[in-house]
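# Observations on chain architecture
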Amino acid sequence: MSDKTSAANSANDNKWIGQRTIRPDGADKVTGRAAYAADTTMPGMIWGKVLRSPHPHARIKSINTKKAEAYPGVKAVITAKDIVEFPLDKSVMLGIQDMRWMCRNVMAREKALFAGHPVAAVAATSEKIAAEACQLIEVDYEVLPFVIDVEEAMKPGAPVLHDFIKHEGKPSNIAGRLEHKLGDVDAGFAKADVVIERTFRTAPVHQGYIEPHACLVSVSDGKATIWSSSQGQFMVRAMCAYLTGIPQNDIRAIPAEIGGGFGGKTIIYLEPLALVLAKKTGRPVKMVMTRTEVFHASGPTSGSFSRIKMGATKDGKLVAASGTFCLQAGALPGSPIRGAAGCAFAPYDIPNVFSEGFDVVSNRSKVAAYRAPGAPIGCYGTECVMDEIAEALKMDPLEFRLKNAAKMGIKAAHGPVYPRIGFVETIEQAKTHAHYAAPLPKAANGKLYGRGVASGFWFNAGGESSAQVNVNEDGTVVVITGHPDIGGSRASTANITAEVLGIDYRKVSVLIGDTSTIGFSNLTGGSRVTYASAMVVTQSTEHVITILRERAAKIWKIDPDAVIWENGEARPAGDNAGKFEPLSLAQIAAQASATGGPIGAGKQLNTTGAEGGFATHLCDVEVDQDLGIVRVLRYTSFQDVGRAIHPSYVEGQMQGGAAQGIGWALSEEYIFNKDGKLDNPSFLDYRMPVCSDLPMLDSVIIEVPNPKHPQGVRGVGEVPLVPPLAAVSNAVYNALGRRFYALPMSPPRVLAVMDMKQAAE
Amino acid sequence: MTDVQYVAPRTLDEAVKAFAAASGAAKILAGGTDLLVQMRAGILKPGLIVDIKKIAEMTAVEELKDGGFRIGAAVAGAVLRDHARLKKAWPGVVEATNLIGSTQVQGRATAGGNLCNGSPAGDSVPAMVAAGAIVTIQGPKGRRDLPVEKVPAGPGRLNLTPGEIVVCFTLPARPKGSSDAYLRMIPRTEMDIAVVGCGVSLTMDKGTVTAARVGLGAVAPTVLLVEEAGKALVGSKVGAGGLDDAALAKAAAACSAACRPIDDKRGTIAYRTKVAGVLLKRTAAIAAERAGRN
Ligand SMILES: Cc1cc2nc3c(=O)[nH]c(=O)nc-3n(C[C@H](O)[C@H](O)[C@H](O)COP(=O)(O)OP(=O)(O)OC[C@H]3O[C@@H](n4cnc5c(N)ncnc54)[C@H](O)[C@@H]3O)c2cc1C
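These numbers come from a predicted model, not from an experiment.

The rules behind these values
- Residue positions within a chain follow its written sequence, with the count starting from 1.
- Whichever chain is written first becomes A and whichever ligand is written first becomes 1, with later ones labelled in order.
- Totals for whole chains, interfaces and linings use every residue, but because this is a predicted model, local features are given only for residues with pLDDT of at least 70 and side-chain atom pairs only at 80 or more, for both listing and counting.
- To obtain the side-chain values, all non-hydrogen atoms of the structure were included, while hydrogens and water were left out.
- To qualify as a helix, a DSSP run of H or I must reach at least 4 residues; to qualify as a strand, a run of E must reach at least 2; elements of each kind are numbered from the N terminus.
- All radius of gyration figures rest on C-alpha atoms, and the globule criterion is 2.2 Å times the number of residues raised to 0.38.
- Summary of the burial criterion: residues with accessible area below 20% of their type's maximum are buried, those above 50% are exposed, and those between are partly exposed, where the area comes from a 1.4 Å probe applied to protein chains only.
- Any pair of residues with heavy atoms lying within 4.5 Å of one another is described as a contacting pair.
- Computed with a 1.4 Å probe, the accessible areas rest on the Shrake-Rupley method; for each residue, only the protein chains presented here act as cover.
- Positive charges come from Lys and Arg alone, negative charges from Asp and Glu alone, with His and the N- and C-terminal ends not counted.
- Where a charge lies is defined by one atom per residue type: Lys uses NZ, Arg uses CZ, Asp uses CG and Glu uses CD.
- In this analysis, the protein atoms alone were mapped onto a 1 Å grid. Cavities are point sets where a 1.4 Å probe fits without being able to get out; pockets are open sets with protein on both sides within 12 Å along at least five of seven lines; lining residues have an atom within 4 Å of a point.
- Grid points are joined across faces, edges and corners, and a volume is the space filled by probe spheres set on the points.
- In plain terms, two cysteine sulfur atoms within 2.5 Å form what is called a disulfide here.
- The term buried area means the drop in 1.4 Å probe accessible area that two parts suffer when joined, counted for both and summed.
- Salt bridges are counted wherever a side-chain nitrogen of Lys or Arg sits within 4 Å of a carboxyl oxygen of Asp or Glu.
- In protein, a polar contact requires one atom able to donate a hydrogen and another able to accept it; more generally it is a pair of N or O atoms within 3.5 Å, and residues adjacent in sequence count only if both atoms are side-chain atoms.
- In these notes, residues near a molecule or strand are those with any non-hydrogen atom within 4 Å of it.
- Residue type decides the class: Asp, Glu, Lys and Arg count as charged, Ala, Val, Leu, Ile, Met, Phe, Trp, Tyr, Cys and Pro as nonpolar, and the leftover types, Gly among them, as polar.
- Reported domain spans reflect what an automatic or database domain assignment gives.
- Only strands joined by at least two bridges in the DSSP assignment are considered to pair.
- In this description, a line fitted to the C-alpha atoms serves as the axis of each element, helices being fitted only across the stretch in contact, and the angle between N-to-C directions of two axes falls anywhere from 0 to 180 degrees.
- A helix is expected to reach a length of 1.5 Å times the quantity of its residues less one.
- Planes of paired rings set the category: under 30 degrees apart is stacked, over 60 is edge-to-face and the rest tilted, where pairs are Phe, Tyr or Trp rings (Trp by its six-membered ring) whose centres lie within 6.5 Å.
- By the criterion adopted, a ring carries a charge over it if an Arg CZ or a Lys NZ lies within 6 Å of its centre and within 35 degrees of its normal.

## Section: the overall build of chain B
Regarding its fold elements, chain B presents eleven helices and 16 strands. At 19 Å, chain B has a C-alpha radius of gyration in line with the 19 Å of a compact globule built from 294 residues. Dimensions of chain B along its principal axes, counting C-alpha atoms only, are 60 × 45 × 35 Å. The burial tally for chain B puts 53% of its 294 residues in the buried class. Once local pairs closer than 6 in sequence are excluded, the contacts in chain B between residues at least 24 apart make up 60%. Put simply, chain B shows about 12,700 Å² of open surface, and 56% of that area lies on carbon and sulfur atoms. Computing the positive centroid from 37 side-chain charges and the negative centroid from 26, chain B places the two 1 Å apart.

Following this line, the structure appears as structure tokens:
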């Protein structure tokens, strides 16, 4: 059971906001009726398959598609020639993606840059024929030396992926650098009584969404329709337009129900290929990745190598911090160094900070966003060092964090001066929670026990959203937004609309529009959807209420200003407005035609004011010291969510982030073989935790409303993945008395460290 | 990919005939939880599939007059789990077979398939080795018996001649004071492949171990019978705290010494070697505790 939202925190008299209403997509999902992209089908549909490079790094000298084209059943074969090329010397950005890199990622151009990189694609009458035809394509490769590990890729003499990328004037794998500075770190460290400096490494980990990438594309009369699984139909449309040259008005992107993304579906892989194949053949083309393809060729997050140094005075005040974060971008630039370097020290009031990030390319699949991109990597090192300093100072680790916690008015190294934030509350609640006071089991039977804590930060985001709220003739309401629902946004939107209108939430249906039925809406990502769509939905609904008041005024023949909207009804504002029976939404809707026509309103905004989110996590572990197995026994997350519009979904986000973070800390990793090929491209050997690996993950929702949002919302979905890496690491240290500086803490690694410890004793 | 033929004969003779006639292009299908996965991955492309699940002899668990058991090679794990007397006599064999996969997989996966897939990490195999199971094989030239540890020849390879099919496993009668156990090390709690697997079967008489066999999985190209480990346990006294520590340490050392593992994505050589000894101690303790109750 999760803890109830504490009453003090949710001082509101809302009827629907904060209710655990029944999710609108639930029944369809558990009965298998929900339509995912792979469920789509069309008359005349054919299948596309991708031929992928077996080499991690190779120049493509030539591609001969003749045999494949002649193979019975094959309708078209495409290569990079069929995709619009963006010249290397001019950046064309779409959100955080550079089309120079996207055009080379969806189809290898000059070189194959990772094992699994698409080099050609085939459309044929069956998936089997398409796969067979791929094997008939002859690619003449000049195999090149490769490098995968981020540290190796930065060394002088490492194979260079792109000669057009230069660092300090020389061709290099360092594709970008970013820094944040505050105060003077040298002066700060000079004042410190305790300084700890450590190096940390993390392995690349995959988002692990259950649903593989899939799409169906149909082109008729020059107009394309794309059904696909993504975190943004507008992103799909824009990228496909760029990569095919078809204008946006001729592409309609329809978001299918999505089976998880976690950031990994904020870019596209199959859609432009299916679109080109559909255009060439005149037939609808369907493409579905296998799980193996998902692992080989869709973006995991970066592996990393970082160095963190922090200093504090004897009385426990942080005085300086510096961090260098080197992140593996994979084949093409774009690793989340902003998240790593920006979030690492953001939870604390540190007067002197230097934080830098390096974006390093290497021969694995191109990085894609993964929940709070970069932040878990940044906070992992910081929070482990925080623990070491607290220990050196003989301070309770939560007390040490509390003493240094960022508050309103503090300037963060990455830029902002914090408004009212709820970080302190997360630490205070952790400190006084029963979990923190509960005794750990005594070591017995080769099992050791430990407890760890860690905090974390994520920026959160606003950005563009559109909504349309329509009142139906029977007084029910349909809301359309432009965001694929990956975290419960439909349920939250229904709660908000019902609240603002004062009607039963069951009278509200929420739909996700496609690119031609709703205005531009940016990605479902950055923890922005409930935040931003709540704003446009609220404003649209308020506009609807204005219209409803006008209609009532018209019926009553009084001034609209003399009509108020209360509890879902229009009422005269006071006795002097006249004496009328209230008019319900349904009554006004029934007279809509007579009073001026259909009732509805839409709003489009580029939202701002999404303030940062903070969390503190507590973790208890058991370590089997003879087998090296670490199990999490108890886990509690404390997070300031601003306002929990739908607490069950908020808890789901908190639990999901903790689960993924535990996997990152203990068992998940990309393992490459000596030929540079991913050795564990399946859920069997890419070890995400299974249900039985985890205890119930408890979540404590803390509500410190965001003053810049109508309902007080802050983003929720990403912060939960930030603290777990360090929370688990600190717990393992507490159990074993030995620190790990690399993840995952898999059994062989734990046992190796235990053996070293025994040898030393 | 070529088209695949499928036959499901009712008798073993027909199955052997069809299997032998296809000379190498055929594959036996028991539960299919390895075969179909390998076909989907494109690793195997058989021209003929011979389904053995319709053959009565291969899908039955039979209790022998002498108290032993004969388990058909195509009996699914779920069936073994529900066989109360088998479970009482051979809890280790049953728990090992039941560790394979999930509930869904258990409805299909067989001990025969587990053995014939030839993986050194197959969970039921070390338990069968510890149990001293005898495997009956039938081929174009008739029937023969082999101790189970003699069946695997290397990863994915068996000491079977073309056309031969594994028919059943025979487990011997249990003297009083006997039991067995199986433990595996996996990083997760389920849905994983053994990094090390250990089966121990032993018999005790008046608090002394009189017979013991140890099977080890995932530490060498084939599942091993570790005779030295069994010998180390024989003669040891079982006290209040369980098996004698010195005997356990000796048996554990024998297990570690028998390991010839590889470094791979699932575990390192050092890790597997050490864990083989750890598991021996834990498995033997469970087997001894169970035997003490029989
Ligand atoms: C999700 C999942 C989880 C799994 N987990 C585990 C696990 O935890 N532990 C584990 O050990 N395995 C595991 N496996 C692998 C597999 O389930 C087992 O090896 C199982 O015992 C195979 O039995 P089967 O009856 O399905 O074999 P099949 O797939 O039918 O056959 C396997 C092989 O043996 C051959 N064969 C089968 N029967 C005979 C026979 N009588 N004579 C000659 N040849 C024969 C087949 O031709 C084939 O090559 C898992 C598989 C899956 C899909």
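After presenting the structure, the write-up continues.
## A closer look at the overall build of chain A
What chain A contains, in helices and strands, is 21 helices and 30 strands. Relative to the globule expectation of 27 Å for 761 residues, the C-alpha radius of gyration of chain A, 27 Å, shows essentially globular dimensions. Seen through its principal axes, chain A has C-alpha atoms that stretch 90 × 75 × 50 Å. Within chain A, the fraction of its 761 residues that count as buried is 64%. For chain A, restricting intrachain contacts to residue pairs at least 6 apart in sequence, the fraction spanning at least 24 positions comes to 79%. For chain A, the exposed area adds up to about 27,500 Å²; of that, 53% sits on carbon and sulfur atoms.

## Focus on the layout of surface pockets
Estimated volume of the second largest pocket: approximately 550 Å³. Lining the second largest pocket are 37 residues; nearest its centre among them are Leu 666, Ser 746, Pro 747 and Pro 748 of chain A together with Pro 187 of chain B. Contributions of two or more residues to the lining of the second largest pocket are made by strand E29 (629-640), helix H19 (647-666) and helix H21 (747-760) of chain A together with helix H11 (269-293) of chain B. Considering every element that reaches the lining of the second largest pocket, the biggest residue donor is H21 of chain A, with six residues.

## Let's talk about the state of the cysteines
This model, assessed by the stated rule, comprises zero disulfides over all chains. As a non-bridged cysteine, Cys 103 of chain A has Cys 240 of chain A as the owner of its nearest cysteine sulfur, 13 Å distant. Relative accessible area serves as the criterion here: at 0%, Cys 103 of chain A is assigned to the buried category. No disulfide involves Cys 116 of chain B; its sulfur sits 12 Å from that of Cys 168 of chain B, the nearest cysteine.

## A few points about the interface of chain A and chain B
Facing the 25 residues of chain A at the interface are 21 residues of chain B. Summed over both partners, the interface of chain A with chain B comes to about 2,000 Å²; 53% of that surface belongs to carbon and sulfur atoms. Of all residues in chain A, Leu 627, Leu 684 and Arg 687 of chain A bury the most surface against chain B, accounting for 27% of the area lost on that side. Counting the contacts that link chain A with chain B gives six salt bridges. The salt bridge partner of Lys 274 of chain B is Asp 755 of chain A, with a shortest N-O separation of 3.1 Å. Counting across the chain A and chain B interface gives 13 residue pairs in polar contact (both at pLDDT 80 or more). Elements that contribute at least two residues to the side of chain A that touches chain B include exactly helix H4 (127-134), E29 and H21 of chain A. Sort the elements by how many residues they give to the side of chain A that touches chain B and H21 of chain A lands first, with five residues.

## Some words on the site of the ligand
Residue and element names in this part refer to chain B. Surrounding the ligand, one finds 32 residues, the nearest of these being Ile 28, Thr 33, Asp 34, Thr 110 and Asp 123. Within the complex, 89% of the 970 Å² of free accessible area of the ligand lies under protein. Mapped by element, the contributors of at least two residues to the shell around the ligand are strand E2 (26-29), helix H2 (35-40), helix H7 (111-116) and strand E10 (165-171). Taken together, the residues of the shell around the ligand sort by class into 17 nonpolar, nine polar and six charged. Three or more residues apiece are contributed to the shell around the ligand by two domains, here domain 1 (1-50) and domain 2 (178-293).

## Regarding the sheet that holds strand E11 (residues 178-185) of chain B
Residue and element names in this part refer to chain B. Spatial strand order, E11-E12-E13-E14: four strands in an open sheet with antiparallel pairing. If you trace the sheet from one side to the other, it starts and ends with E11 and strand E14 (224-225), each paired once. Across nine bridges, strand E12 (residues 196-205) lies against strand E13 (residues 208-217) in antiparallel orientation. Bridge assignment links Leu 202 to a residue of E13, and that residue is Ala 212. This element, H11, spans E11, E12 and E13 of the sheet and lies at about 35° to E12.

## Overview of the pattern of salt bridges
In total, this model carries 62 salt bridges over all chains according to the counting rule given. Between Lys 708 of chain A and Glu 611 of chain A there is a salt bridge, with the nearest N and O atoms lying 2.6 Å from each other. Here Lys 708 of chain A, found in the loop between strand E30 (697-702) and helix H20 (724-736), pairs with Glu 611 of chain A, found in the loop between strand E27 (599-607) and strand E28 (613-624); they are 97 residues apart in sequence, far enough to count as distant. Between Glu 63 of chain B and Arg 85 of chain B there is a salt bridge, with its nearest N and O atoms 2.6 Å apart. Here Glu 63 of chain B is found in strand E4 (residues 61-63), whereas its partner Arg 85 of chain B is found in helix H4 (residues 84-89), with 22 residues between them in sequence. Since its relative accessible area comes to 55%, Arg 85 of chain B is described here as exposed. Salt bridges sharing partners connect three or more residues here, namely Arg 23, Asp 25, Lys 29, Glu 257, Asp 485 and Arg 490 of chain A.

## What about H19 of chain A?
Since the α-helix packs 3.6 residues into each turn, any two residues three or four apart lie on the same face. Along its 20 residues, H19 of chain A runs 28 Å from first to last C-alpha, staying within 8% of the 28 Å computed at 1.5 Å per residue. When you tally the buried positions in H19 of chain A, you get 16 out of 20 residues, the bulk of the element.

## Some remarks on the side chain of Arg 100 of chain A
All names here are of chain A. Secondary-structure assignment places Arg 100 in helix H3 (residues 99-106). Looking at Arg 100, its side chain comes within polar contact range of the main-chain oxygen of Leu 88, at 2.7 Å. Residue contacts for Arg 100: discarding those within four places in its chain leaves Phe 86, Pro 87, Leu 88, Asp 89, Lys 90 and Ser 91.

## Focus: unusual backbone geometry
Residues and elements named next belong to chain A. Cis geometry marks the peptide bond from Leu 743 to Pro 744, where omega comes out at 0°. Positioned with a positive phi, Asn 445 is a non-glycine residue whose angle comes to about 50°. Looking at the element boundaries, Asn 445 is found in the loop between helix H14 (434-437) and strand E20 (447-458). Unusually for a residue other than glycine, Lys 557 sits at a positive phi of about 60°. Here Lys 557 is to be found in the loop between helix H16 (529-556) and strand E24 (563-566).

## Concerning the sheet that holds E30 of chain A
All names here are of chain A. Reading across from one edge, E20-E28-E29-E30 is the order of the four strands in this open sheet, with mixed pairing throughout. Across the chains shown, the open sheet's two edge strands, defined by having one partner strand only, are E20 and E30. Sheet twist, expressed as the mean angle between neighbouring strand axes with direction ignored, is 15°. Taken strand by strand, helix H12 (residues 397-404) contacts E20 and E28, and its axis lies near 10° from that of E20. Lying over the sheet, H19 contacts E29 and E30, oriented at roughly 130° with respect to E30.

## A look at the domain arrangement of chain B
Accessible area lost when the parts come together is the quantity often used to give the size of an interface. Annotation of chain B at the domain level lists domain 1 (1-50) and domain 2 (178-293). Each of domain 1 of chain B and domain 2 of chain B has a C-alpha centre, and the two are 35 Å apart.

## Let's talk about the packing of aromatic side chains
Residue and element names in this part refer to chain A. This model, assessed by the stated rule, comprises 20 aromatic pairs over all chains. Seen from their ring centres, Trp 556 and Phe 580 are 5.0 Å apart, and the 10° between their planes marks the pair as stacked. Placement of the pair is Trp 556 in helix H16 and Phe 580 in the loop between strand E25 (569-572) and strand E26 (583-584), with a sequence separation of 24 residues. The rings of Tyr 348, Tyr 418, Phe 423, Phe 457, Trp 458, Phe 459 and Phe 614 are connected pair by pair, giving a single aromatic cluster. A cation over an aromatic ring shows up here: Arg 338 above the ring of Phe 459, its NZ or CZ 4.3 Å from the ring centre. Here the guanidinium or amino end of Arg 739 rests over the ring plane of Tyr 733, the centre of that ring lying 3.9 Å away.

## Brief notes about the pairing of E11 of chain B
Residue and element names in this part refer to chain B. Most of E11 sits out of view: seven of its eight residues are buried. Sheet topology note: the E11/E12 ladder contains eight bridges and is antiparallel. Each residue of the ladder has a partner; that of Arg 184, found in E12, is Gly 197.

## Observations concerning helix H8 (residues 124-131) of chain B
Residues and elements named next belong to chain B. The element H8 is extensively covered by neighbouring structure, given that eight of its eight residues are classed as buried. Buried residues of H8: Ser 124, Val 125, Pro 126, Ala 127, Met 128, Val 129, Ala 130 and Ala 131, and no others. Directly beyond the C-terminal end of H8, a positive phi value near 75° is found at Gly 132.

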